Amino acid sequence: GPGMVEVVEGRIGYFGPTGGGFVMLDDLDEILLAGPEDARFWLLRSHGQPDLTVPLGAEGAEVLFDAFVALPGVTAALLVGAVSERGGDPAPLRIWRRARG
């Protein structure tokens, strides 16, 4: 797949052919799954930071599962279900949102 993912000490990094970036797991506000079926990507949102998009097919993207399940309320079953779901709707699907209080 396009680009490469790494997670080191709670920092998610994506290095792609035309962009990339970093986000700290503790700073994540929202995780979405977006894009058409043949080009889906994680959309990682953090307050005050640019969104980080990570293609599902990027090299090393499977490490995101381990990182995401460290977040409150995220389970492996939730992630597998979202990624496995087949549908024609490319609209973003919210996987998780941080509760602010």
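Here is a short report on the structure shown in this document. (Residues numbered from 1 in each chain as written. Predicted model: local features only at pLDDT ≥ 70, side-chain atom pairs only at ≥ 80, totals over all residues. Heavy atoms only, no water.)

To continue, consider the packing of aromatic side chains. In this structure the tally under the stated criterion is three aromatic pairs. Aromatic pair Trp42 and Phe65: ring centres 6.3 Å apart, planes at 75 degrees, arrangement edge-to-face. Residue Trp42 is found in strand E5 (residues 41-46), and its partner Phe65 is found in helix H1 (residues 63-68); the two are separated by 23 residues along the sequence. Between Trp42 and Phe68 the ring centres are 5.2 Å apart and the planes differ by 80 degrees, which places this aromatic pair in the edge-to-face class. With a gap of 26 residues between them, Trp42 in strand E5 and Phe68 in helix H1 connect regions that are remote in the sequence. Assessed through its relative accessible area of 1%, Trp42 is described here as buried. Given a relative accessible area of 0%, Phe68 falls into the buried group. Counting every residue linked through ring pairs, the aromatic cluster contains Trp42, Phe65 and Phe68. (Phe/Tyr/Trp six-rings, centres within 6.5 Å; stacked < 30°, edge-to-face > 60°. Helix = DSSP H or I, 4+ residues; strand = E, 2+ residues; numbered from the N terminus. Buried < 20%, exposed > 50% of the residue type's maximum accessible area, 1.4 Å probe, protein only.)

Quick look at the sheet that holds E5 now. Spatial ordering of the open sheet is given by E6-E5-E4-E7, a layout of four strands whose pairing is antiparallel. The open sheet terminates on both sides in strands that have one partner only, identified here as strand E6 (52-55) and strand E7 (93-97). Between one strand axis and the next, the sheet turns through 20 degrees on average, direction left out of account. In the sheet, strand E4 (residues 28-34) pairs with E5 via six bridges, with the strands oriented antiparallel. From the neighbouring strand, Leu32 faces E5, where its bridge partner is Leu43. Seen against the sheet, helix H2 (residues 76-84) touches E4, E5 and E7 and runs at an angle of roughly 165 degrees to E7. (Pairing = 2+ DSSP bridges. Axes fitted to C-alpha atoms, helices over the stretch in contact; angles between N-to-C directions. Contact = heavy atoms within 4.5 Å.)

A few words now on a nonpolar patch on the surface. A contiguous nonpolar surface patch, about 260 Å² in accessible area, is contributed by Met4, Phe15 and Phe22. Structurally, Phe15 is set in strand E2 (residues 11-15). Of the residues examined, Phe15 reaches a relative accessible area of 34% and is grouped as partly exposed. (Patch = residues over 30% accessible without salt bridge, like charges linked within 9 Å, V, L, I, M, F, W, Y side chains within 5 Å. Areas by Shrake-Rupley, 256 points an atom, 1.4 Å probe, with all protein chains shown as cover. Salt bridge = Lys/Arg side-chain N within 4 Å of Asp/Glu carboxyl O.)

The biggest cluster of nonpolar side chains holds 23 residues, and the ones touching the most others in it are Ile12, Leu28, Ile31, Trp42, Leu44 and Phe68. Secondary-structure elements contributing two or more residues to this core are E2, E4, E5, E6, H1, H2 and E7. Residue contacts for Ile12: discarding those within four places in its chain leaves Glu6, Val7, Gly21, Phe22, Val23, Leu25, Leu28, Leu44, Leu52, Leu64 and Phe68. (Core = buried A, V, L, I, M, F, W, Y, C linked by side-chain atoms within 4.5 Å.)

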